Amino acid sequence: MLQKINDSAAYLSRFLDGEKYATAIILGTGLGELGKSIEIKQVIPYAAIPHFPVSTVQGHKGNLLLGRFGGKNVVAMQGRFHFYEGYSMQEVTFPVRVLHALGIPRLFVSNAAGGVHPEYQAGDLMIIHDHINLFPEHPLRGPNIEELGPRFPGMTDAYSPQLIRLAEEIGRELGIRLQKGVYAGLQGPSFETPAEYGWIRAIGGDAVGMSTVPEIIVARHAGMECFGLSVITNSTAAPEEIKTDHTEVQKVGRTAQPQMTALFRELIARMKE
Ligand code: HPA
C-alpha cells in the first residue's frame, strides 16, 4: 500500500510545480459545481493517476482539479469513491492517503445527507461537528502501517473546532443559515426506512449519508485537519412523508451549492497559509 500511495503521489507531484497546496476538497454527490469557481490550472482524470479507483456513480465526475480558490492553491476531488459501489475501504480512502502524501495538511469534505434532526429542512447546510460510524467495515482494519499513522488514533475533535468556529463566523457574516450536527455514516445504497431514520435520530445522529466517515477517519489517522459540510437534501422529520429519491437529492444539492461554495471560499481565504 505504501508503494502505491507513493507512486500516485509521485505522479501527481509533477503537476504541483513545487508550489504549496494546503487544502484539499472532496466534493460530494451533485456538489461538483464548486469546481467551476476554481481557477483551474490542471484537470487530472482519475483514470490517469496510477492506482486510483475510477468513479462510477451517476452525478459524479472523476477528476482531480488543481487550481486557485479563495486566493489559495487547492486540490479538489470532483467525485469520490463509495463503499456501496463495491470498493474496499482501502480503495475508498486511497485518495486521502495520496493527498496527505502530497504534503497537504487540511481536508474539506462535502456530502449530500438526509436530515434526521426535526428542525432541518431540505436545502440547509450542516457543519459536521462529529460523526457516528455505522459502516460494516473499518478503513484501518488490518496491520497498521506506522508510517501512515498510529494503531489507535483518537477521534475526539476529528472535525477541527477552530475551523468550525471560523465557519460559523463566516455564516453569520454572509447570512448563510448553518446547522451544526452529527453525521451518521452508513453503507447504503438503499436509503433508510422510516424506522432506520428514527433509529439514527435516537442514537444521536442529526444527518445521515453514505460517505465521509471513512475519509475523515483516514485523514485523522494521517494527522490532517478536517472540516465537513453536509447539504441536507431531504428531511425525514415526518415519517409518513418520507420519500427519499436520488433525483431529488441531486436537485436540492444543486440549489444549495452557491452557499456551500461561498462558505468554502471564505474559509480558505481566511486560512493563514
Ligand atoms: N440517506 C442516506 N444518504 C443520503 C440521504 C439519506 O436520506 N440523502 C442524501 N444522501
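Residues numbered from 1 in each chain as written. Predicted model: local features only at pLDDT ≥ 70, side-chain atom pairs only at ≥ 80, totals over all residues. Heavy atoms only, no water.

**Q** Got a sec to walk through the site of the ligand? Specific residues and values, please.
**A** The environment of the ligand is formed by 13 residues, the closest being Gly114, Glu192, Tyr197, Thr233 and Asn234. Between Gly114 and the ligand, the recorded distance is 3.3 Å, taken from a backbone N or O atom to a nitrogen atom. One of the side-chain N or O atoms of Glu192 is found 2.6 Å from a nitrogen atom in the ligand. For the ligand, whose unbound accessible area comes to 260 Å², protein coverage reaches 96%. At the level of secondary structure, the elements contributing two or more residues to the shell around the ligand comprise β5 (106-115), β8 (207-209) and β9 (225-235). No other element matches the three residues that β5 contributes to the shell around the ligand. (Near = heavy atom within 4 Å. Polar contact = N/O pair within 3.5 Å; in protein donor to acceptor, adjacent residues only side chain to side chain. Areas by Shrake-Rupley, 256 points an atom, 1.4 Å probe, with all protein chains shown as cover. Helix = DSSP H or I, 4+ residues; strand = E, 2+ residues; numbered from the N terminus.)

**Q** Give me the lowdown on the side chain of Gln257, citing residues and values where you can.
**A** Within the secondary structure layout, Gln257 lies in helix α6 (residues 246-269). Taking the relative accessible area as the measure of exposure, Gln257 reaches 2% and is therefore buried. In this view, Gln257 contacts Gly30, Leu31, Gly32, Glu33 and Leu34; residues no more than four positions away in its chain are not counted. (Buried < 20%, exposed > 50% of the residue type's maximum accessible area, 1.4 Å probe, protein only. Contact = heavy atoms within 4.5 Å.)

**Q** Quick rundown of helix α3 (residues 161-174)? Include the residues and the values.
**A** With 14 residues, α3 should reach 20 Å at 1.5 Å per residue; the first-to-last C-alpha distance of 20 Å fits that figure. Within α3, the full set of buried residues consists of Leu163, Ile164, Leu166, Ala167, Ile170 and Gly171. Buried residues of α3, viewed axially, fall in a sector of 165 degrees; they line one side. For α3, the exposed residues lying more than 90 degrees away from the buried face are Arg165 and Arg172. Just downstream of α3 lies Gly175, where phi reads positive at about 70 degrees. (Expected span 1.5 Å × (residues − 1). Arc of directions from axis to C-beta.)

**Q** Quick one: what's the story with the packing of aromatic side chains, residue by residue and with numbers?
**A** Considering all chains together, one arrives at ten aromatic pairs under this definition. Taking the centre distance of 6.1 Å and the plane angle of 75 degrees together, the rings of Phe52 and Phe94 count as edge-to-face. Of this pair, Phe52 sits in the loop between β2 (39-45) and β3 (63-69) while Phe94 sits in helix α2 (residues 89-101); the two residues are 42 residues apart in sequence, bridging distant segments of the chain. The burial state of Phe52 is the same as that of Phe94; both residues are buried. (Phe/Tyr/Trp six-rings, centres within 6.5 Å; stacked < 30°, edge-to-face > 60°.)

**Q** Outline helix α5 (residues 213-221), listing residues and values.
**A** Among the nine residues that make up α5, eight are buried, leaving the element largely enclosed by the rest of the structure. Every buried residue belonging to α5 is among Val213, Pro214, Glu215, Ile216, Ile217, Val218, Ala219 and His221, and all of these are buried. Where α5 is buried, its residues contact β1 (23-27), α2, β5, β6 (125-133), β7 (178-185) and β9. The positive-phi residue at the C-terminal boundary of α5 is Gly223, with phi of around 85 degrees.

**Q** Describe the pairing of β3, naming the residues involved and giving the relevant values.
**A** For a regular strand, side-chain orientation follows a simple rule: the groups alternate between the two sheet faces. Of all seven residues in β3, six are buried, a share of seventy percent or more. Of the pairings in the sheet, the one linking β2 to β3 comprises six bridges and is antiparallel in character. Bridge pairing in β3 places Ile44 opposite Leu64. Relative to strand β4 (residues 72-78), β3 is paired through seven bridges, and the arrangement is antiparallel. Note on β4: the bridge partner recorded for Leu66 is Val75. (Pairing = 2+ DSSP bridges.)

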